[in-house]
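Summary of the model geometry
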Amino acid sequence: MSANLVALAYLIASVFFILALKGLSSPLSARRGNLFGMLGMAIAVATTLTITENWMLILGCIAVGGTIGAIVAKRIQMTAMPELVAFMHSLVGLAAVFIAVAAVNNPVSFGLPAILPMGSKLELFLGTFIGAMTWSGSVIAFLKLSGRMSGAPVTFAGQHVVNLVLAMVMIGFGLWFFFSGDTTNWTAFIAMTAIAFILGFLIIIPIGGADMPVVISMLNSYSGWAAAGIGFSLGNPMLIIAGSLVGSSGAILSYIMCKAMNRPFLSVILGGFGNDGGTAVAGDGVQKTYRSGSADDAAFLMGNADSVIIVPGYGLAVARAQHAVKELAEVLHEKGVDVRFAIHPVAGRMPGHMNVLLAEAEIPYEQVLEMDEINSDFSNTDVVLVLGANDVVNPAANTPGSPIYGMPILDAHKARTVIVVKRSMAAGYAGLDNELFYMDKTMMVFGDAKKVVEGMVKAL
């Protein structure tokens with residue numbers, strides 16, 4: 001293909017990527033958005049194959065990676081989707097590092113001068129350290145989300161000072177590589193890359209589980225910027241555009257997540273709240289009392305209500321209860337009950353986690369409402385059914401001095417009756433006790449969310 005045709009093909013692929021983002025902005029158009037994204041990627045890959053002599057090798061690599069990806073995607077449970085996303089981010093960052101290493105080792109094969117110009121060195125430096133931090137940070141996020149590592153913050157004395165010193169040393173090696181006349185200054189380049197890998201670990205380990213949705217969107221943004229940086233080095237407009245789209249959309253999503261938790265972005269990066277949870281005790285250490293009931297009791301309350309709002313949380317995902325919840329909603333609807341679902345922006349372990357689960361169960365999109373759309377309706381609702389959610393319905397967000405003070409929550413506590421389904425009275429991922437559980441209007445129903453909801457359906 002001529003250079004003009006290649007540029008045109010990359011431009012068309014870029015338009016499809018933009019249409020993909022537009023489609024993914026709504027559940028109603030998400031499927032179409034995915035199709036646009038796949039079509040754009042197919043055009044980009046096909047175009048790249050036409051301008052390389054090693055297309056057989058590339059096809060072989062695509063076959064291996066595609067096969068592994070297809071098998072993993074087919075077998076993965078919906079509950080494990082957050083850690084899968086984190087793992088995929090890590091691979092994008094690692095790919096950027098490998099490309100940068102290859103470009104430094106043999107610039108000519110990438111169409112670069114044998115003596116790398118300063119501009120290319122800067123681009124390689126940015127792509128490398130962002131990619132390295134994305135890889136190691138995503139690995140930690142994967143371990144925390146999958147339960148292979150505690151979700152509690154890992155901190156030590158002088159942690160921020162250590163991070164700052166390492167960052168300065170990394171930049172120092174980067175400047176050495178940048179100003180060095182030797183294009184293969186491996187000492188500076190490797191040292192810079194190694195420190196970036198370590199920094200990625202150290203930046204993510206102090207971040208608690210409650211901040212994981214922000215971490216995932218942040219790492220998504222990092223992976224995009226890493227790809228864009230490498231795109232400049234390779235002179236590939238497709239990488240630059242695609243990386244910029246991913247980087248900017250991830251940054252916007254991170255901002256939205258932080259706003260949803262009323263937390264500054266820097267406070268998340270510098271280490272947030274969160275622990276493994278524990279027994280439910282009052283702030284002064286005094287044991288509280290709560291009212292408990294059965295699935296039959298909950299079914300009676302909902303069956304005699306005019307309106308019910310269901311608040312899904314991570315407990316629903318763990319129990320794989322989305323299909324049972326759909327059946328519950330259908331049974332209630334047949335009895336003339338108005339049923340809707342309330343979604344908090346940070347419910348679950350990644351942005352949109354609950355939307356994905358409900359969509360998998362084919363729950364009508366018009367019944368699924370975001371926090372801003374439904375919050376004013378809780379005070380006029382007969383029954384709210386909370387399934388495994390904790391922090392996103394915690395009234396402590398309205399109490400000055402609370403670690404989550406100011407965080408926008410779903411106002412479930414304003415409903416006439418609240419039913420909470422949990423396995424135990426343990427605190428949520430943020431490690432905070434929930435005042436909602438001890439209100440007179442609240443009834444706790446203990447057990448696996450799927451089994452409890454199936455019991456409700458049977459009783460109805």
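Residues numbered from 1 in each chain as written. Predicted model: local features only at pLDDT ≥ 70, side-chain atom pairs only at ≥ 80, totals over all residues. Heavy atoms only, no water.

Thoughts on the sheet that holds strand β2 (residues 338-343)
Applied cut-off: At least two DSSP bridges between two strands are required for those strands to pair. Only runs of H or I of at least four residues qualify as helices and only runs of E of at least two qualify as strands under DSSP, and these elements are numbered from the N terminus. Axes, fitted as lines to C-alpha atoms, cover a helix only where it is in contact. Angles between the N-to-C directions of the axes lie from 0 to 180 degrees. The contact definition used throughout considers only heavy atoms, calling two residues in contact when any of these lie within 4.5 Å.
Strands sit in the order β3-β2-β1-β4-β5-β6 across an open sheet of six strands; the sheet is parallel. Every interior strand has two partners, whereas the edge strands, β3 (368-370) and β6 (442-446), have only one. Here the average twist between neighbouring strands, direction ignored, is 25°. Strand direction decides the pairing type here: strand β1 (residues 307-312) and β2, joined by four bridges, are parallel. Within β2, the residue paired with V308 across the bridge is V339. Against the sheet, helix α14 (residues 353-360) makes contact with β1, β2 and β3, and its axis sits at roughly 145° relative to β2, the strand it touches most.

A short note on the packing of helix α8 (residues 212-234) against helix α9 (residues 237-261)
Counted only if it meets this: An angle counts as roughly parallel when it lies under 35 degrees, as roughly antiparallel when it exceeds 145, as roughly perpendicular when it falls between 65 and 115, and as oblique in every other case. Handedness of a crossing follows from how the near helix is turned relative to the far one, being left-handed for an anticlockwise turn of less than a right angle and right-handed for a clockwise one. Residue classes follow a fixed rule: Ala, Val, Leu, Ile, Met, Phe, Trp, Tyr, Cys and Pro count as nonpolar, while Asp, Glu, Lys and Arg count as charged, and any other residue, Gly among them, counts as polar.
Where α8 meets α9, the closest approach of the two axes is 7 Å, and the angle between their N-to-C directions is 160°. With respect to their mutual orientation, α8 and α9 come out roughly antiparallel. The chirality of how α8 crosses α9 is left-handed. Here the residues of the contact of α8 with α9 are counted per class, giving 17 nonpolar, twelve polar and no charged.

Observations regarding α9
Condition: For a helix, the expected span equals 1.5 Å multiplied by the number of residues minus one. Working definition: with a 1.4 Å probe on protein chains only, accessible area under 20% of the residue-type maximum means buried, over 50% means exposed, and in between means partly exposed. Polar contact is the term for a pair of N or O atoms within 3.5 Å; when the atoms are in protein, one must be able to donate a hydrogen and the other to accept it, and sequence-neighboring residues count only if both atoms are side-chain atoms.
In a regular helix each residue adds 1.5 Å, so 25 residues correspond to 36 Å; α9 covers 36 Å between its end C-alpha atoms and thus fits that length. Those residues of α9 that sit buried are M238, I240, G243, L245, G247, G250, S254, M257, C258, A260 and M261. The N-cap residue of α9 is N236: its side-chain oxygen and the backbone nitrogen of M238 are 2.9 Å apart. Phi turns positive, to about 55°, at N262, one or two residues after α9.

So, the environment of V337
Here V337 shows up in the loop between α13 (322-334) and β2. Spatially, the C-alpha atom of V337 lies 7.0 Å from that of V308, the residues being 29 residues apart in sequence. Discounting chain neighbours no more than four positions away, the residues touching V337 are M302, G303, A305, D306, S307, V308 and L332.

Quick word on the packing of helix α1 (residues 3-23) against helix α2 (residues 30-50)
Following both chains from N to C, one finds α1 and α2 inclined at 160°, their axes separated by 7 Å at the closest point. It follows from the interaxial angle that α1 and α2 lie roughly antiparallel. Between α1 and α2 the crossing geometry is left-handed. In this structure, α1 uses V6, A9, Y10, I12, A13, F16, F17, L19, A20 and G23 to contact α2, whose residues at the interface are A30, G33, F36, G37, L39, G40, M41, I43, A44, T47 and T48. Classifying every residue of the contact of α1 with α2 by side-chain character gives 15 nonpolar, six polar and no charged.

Let's talk about the nonpolar core
Stated precisely, the cut-off is as follows: Definition of nonpolar core: a set of buried residues of the types Ala, Val, Leu, Ile, Met, Phe, Trp, Tyr and Cys, connected through side-chain atoms within 4.5 Å.
Grouped together as the largest cluster of nonpolar side chains are 43 residues, with contacts concentrated most on L124, F129, M170, I204 and V215. For this core, the secondary-structure elements that each account for two or more residues are α4 (81-105), α5 (118-145), α6 (159-179), α7 (186-204) and α8. For F129, the contacting residues outside a window of four places in its chain are M170 and A196. Core analysis: the next-biggest nonpolar cluster, separate from the first, contains 40 residues, M302, A319, A347 and V445 among them.

What about the pattern of salt bridges?
For clarity, the cut-off: A pair is scored as a salt bridge if a Lys or Arg side-chain nitrogen falls within 4 Å of a carboxyl oxygen belonging to Asp or Glu.
This model, assessed by the stated rule, comprises six salt bridges. A salt bridge links K326 to E330, with the nearest nitrogen and oxygen atoms 3.9 Å apart. Residue K326 and its partner E330 are located together in helix α13, separated by four residues, close to a single helical turn. Here E330 falls in the partly exposed class, since its relative accessible area comes to 40%. Where R340 meets D377, a salt bridge forms, and the shortest distance between an N and an O atom there is 2.9 Å.

Considerations on the side chain of H89
The topology assignment puts H89 in helix α4. Using a relative accessible area of 8% as the deciding quantity, one classes H89 as buried. Residues in contact with H89, not counting those within four places in the same chain, are T134, S138, I216, L219, N220 and S223.

Details of helix α11 (residues 295-303)
Think of an α-helix as 3.6 residues a turn; residues three or four steps apart then line up on the same face. Let me state the cut-off plainly: Directions are taken from the helix axis to each C-beta atom, and the arc is the one they span.
Turning to α11, its buried residues number three or more, namely A295, A298, A299 and M302. Mapping the buried residues of α11 onto a view down its axis gives an arc of 100°, with all of them on the same face. Of the exposed residues in α11, the ones pointing more than 90 degrees away from its buried face are D296 and F300. Residues of α11 that are buried in the fold lie against β1, α13, β4 (383-387), β5 (417-422), β6 and α16 (449-459).

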